[in-house]
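Understanding the architecture of this molecule
Below, each chain spelled out in residue letters.
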Protein chains: 2
Amino acid sequence: MTTIQPLPTLSEQNYIQQLTIDCVIFGYRDRQLSVLVPKLRYKGDFWALPSWFVFQDEDIDEAAQRIIRSRTGIEENYLEQFQVTGKANRNGKAFLDQLIELNSELIGPNATISEGEGLREYEWFTRRFVSIGYYALVDMDRAIPRKSELDQSIEWYDIKQLPPMIMDHNAIVTKALKMLRLTLDQELNVLNLLPETFTMKEVQELYETILNKPFERGNFQKKILSLNGLERLEKKYTGAANKAPYLYRLPKPTFCEVS
Amino acid sequence: MTTIQPLPTLSEQNYIQQLTIDCVIFGYRDRQLSVLVPKLRYKGDFWALPSWFVFQDEDIDEAAQRIIRSRTGIEENYLEQFQVTGKANRNGKAFLDQLIELNSELIGPNATISEGEGLREYEWFTRRFVSIGYYALVDMDRAIPRKSELDQSIEWYDIKQLPPMIMDHNAIVTKALKMLRLTLDQELNVLNLLPETFTMKEVQELYETILNKPFERGNFQKKILSLNGLERLEKKYTGAANKAPYLYRLPKPTFCEVS
């Protein structure tokens, strides 16, 4: 019988209680916006956003970076805090009850958690949790999805076809997308979703995908260049020199303000 | 000797630990943006934003509303969550040490807190705290500033002349202002700072004050009306009928989404 290491126990008390960081990791390729979603290794088809607790001696931004880094393999990810979810009735009890019901070996005599004692150990996990939401914008070409020891698998899902996730995680993605959209008009950080260099056409396709509407090419280019955040490089080599588009890049990686 | 009721003690454990709500209450009048700031009743000139903890059975938005209501007397205030401050070293220990040093009667034999026991009771209050920031936009004509039992006084301060507050509260105001400014281009919620009805000139003055720059009248009016959020009423009676400006109002009170 394998030793099952389920959720953190009461003895792992180096966390701030009743606080989680929930992360929406966005990726983009070929007119498709995706979200990186792990599936838990337990019976019952549980999908959940990459989430974890905050260590007592850890900044919340660093906690988010740690969680996202562990799933993308990228050391410094572009991230933004986008909301706090703090309903009084928000807790993981229903989810944990269901998980334990479907995975009785977790509380059986041969498993690592003994019945009464084990369940009490998890009581803290079923209390009300306030969730701080962060989204990350990653270059899918650089990200190497990694599962944690709690996961069976981890995959990119088209944002239009996400699996049903635990608790309010689907609603958290919806809010992250809404907040991401709000930034598009005023800043270029969304371009962290693209490879290091890109053409204006690729920028336009990205905007059209995220906002789900077309733009007129001339106006779009004028608007983007007015935001003053792009560095123009040499023309992209296509064989037909006079029609080759310029390549652009963001001047340097930009990261969110540490709060 | 009066009974001094200082900070909440360990026995008041109905709160989520290590989490506070810090509120920036904005008011506006005559081209001046103000913030409502209480001064604590203890010796030592301690100013602090209206702040409190979240009850276990309370939504965070409702906690913010409760804190702001208790200081403005207005039942439903327009409010927005604007940031979470979560540095690992953020705590109130320096502030509380200083307060206790300057107010020795708090730990003296005749006071409510006995020395060793009393101080231990406050230990939880000196731990690291994650702060959720909310700002409120209130009509100064309707708000009646109210001090809490911990306050000596409460006053509106010009945002350009705030007193030095405890911990990082001045920085929290700076961030609130930055986030408020970001909304001005896309929504009209800032008009909750005005009385129920107002002229376009008053709207322009408000915008100019908050953004600290002048606007050209025609373009400004066009921009505001394009946001489609205003109801136009009758003309304001000024005696000179043909030059009287229109009055406007927000269609109904708008409140932030409950998260």
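Residues numbered from 1 in each chain as written. Chains lettered and ligands numbered in written order. Predicted model: local features only at pLDDT ≥ 70, side-chain atom pairs only at ≥ 80, totals over all residues. Heavy atoms only, no water.

1. Here's the deal with the packing of aromatic side chains
Let me state the cut-off plainly: Centres within 6.5 Å are what make two rings of Phe, Tyr or Trp a pair, Trp counting through its six-membered ring; a difference in plane orientation under 30 degrees is then read as stacked, over 60 as edge-to-face, and the rest as tilted. Helical segments are the DSSP runs of H or I of at least four residues, strand segments are the runs of E of at least two, and each set is numbered from the N terminus. Remark: exposure states derive from per-residue accessible area (1.4 Å probe, protein chains only) relative to the maximum for the residue type, with buried under 20%, exposed over 50%, and partly exposed in between. The rule for a charge over a ring is simple: NZ of Lys or CZ of Arg within 6 Å of the ring centre, and within 35 degrees of the ring normal.
Per the stated rule, a full pass over the model turns up 19 aromatic pairs over all chains. Consider the rings of F26 of chain A and Y135 of chain A, whose centres lie 5.9 Å apart with planes at 65 degrees: the pair is edge-to-face. In this pair, F26 of chain A sits in strand β1 (residues 15-29) while Y135 of chain A sits in strand β5 (residues 130-137), placing the two residues 109 residues apart along the sequence. We note that F26 of chain A, like Y135 of chain A, is buried. Here the aromatic residues Y15, W52, F53, F55 and F129 of chain A are joined through ring pairs into a cluster of three or more. Across the ring face of Y246 of chain B, the terminal group of R232 of chain B is positioned such that the distance to the ring centre comes to 3.7 Å.

2. Let's talk about the pairing of strand β9 (residues 246-249) of chain B
Residue and element names in this part refer to chain B. Note the threshold: By the convention used here, strands pair only if DSSP detects at least 2 bridges between them.
Of the strand pairs in this sheet, strand β7 (residues 198-199) and β9 are connected by two bridges, and their pairing is antiparallel. In the sheet register, F198 faces β9, and the bridge partner there is Y248. As defined by bridge partners, strand β8 (residues 231-235) adjoins β9 across three bridges and the pair is classed as antiparallel. Counted as the bridge partner of R232 is Y248 from β9.

3. Overview of the interface of chain A and chain B
Threshold: Whether two residues touch is decided by their heavy atoms; if any such pair falls within 4.5 Å, the residues are in contact. Summed over both partners, the accessible surface that disappears when two parts come together, traced with a 1.4 Å probe, is what is meant by buried area. Criterion for a salt bridge: a side-chain nitrogen of Lys or Arg within 4 Å of a carboxyl oxygen of Asp or Glu.
With 29 residues of chain A at the interface, the matching set in chain B holds 29 residues. Here chain A and chain B share an interface that buries about 2300 Å² over both sides, 46% of which is from carbon and sulfur atoms. Applying the counting rule to chain A against chain B returns two salt bridges. Of the charged contacts, one joins D59 of chain B and K87 of chain A as a salt bridge, the two residues approaching to 3.3 Å between their closest N and O atoms.

Read these as layout, nothing more, since geometry by itself doesn't imply function.
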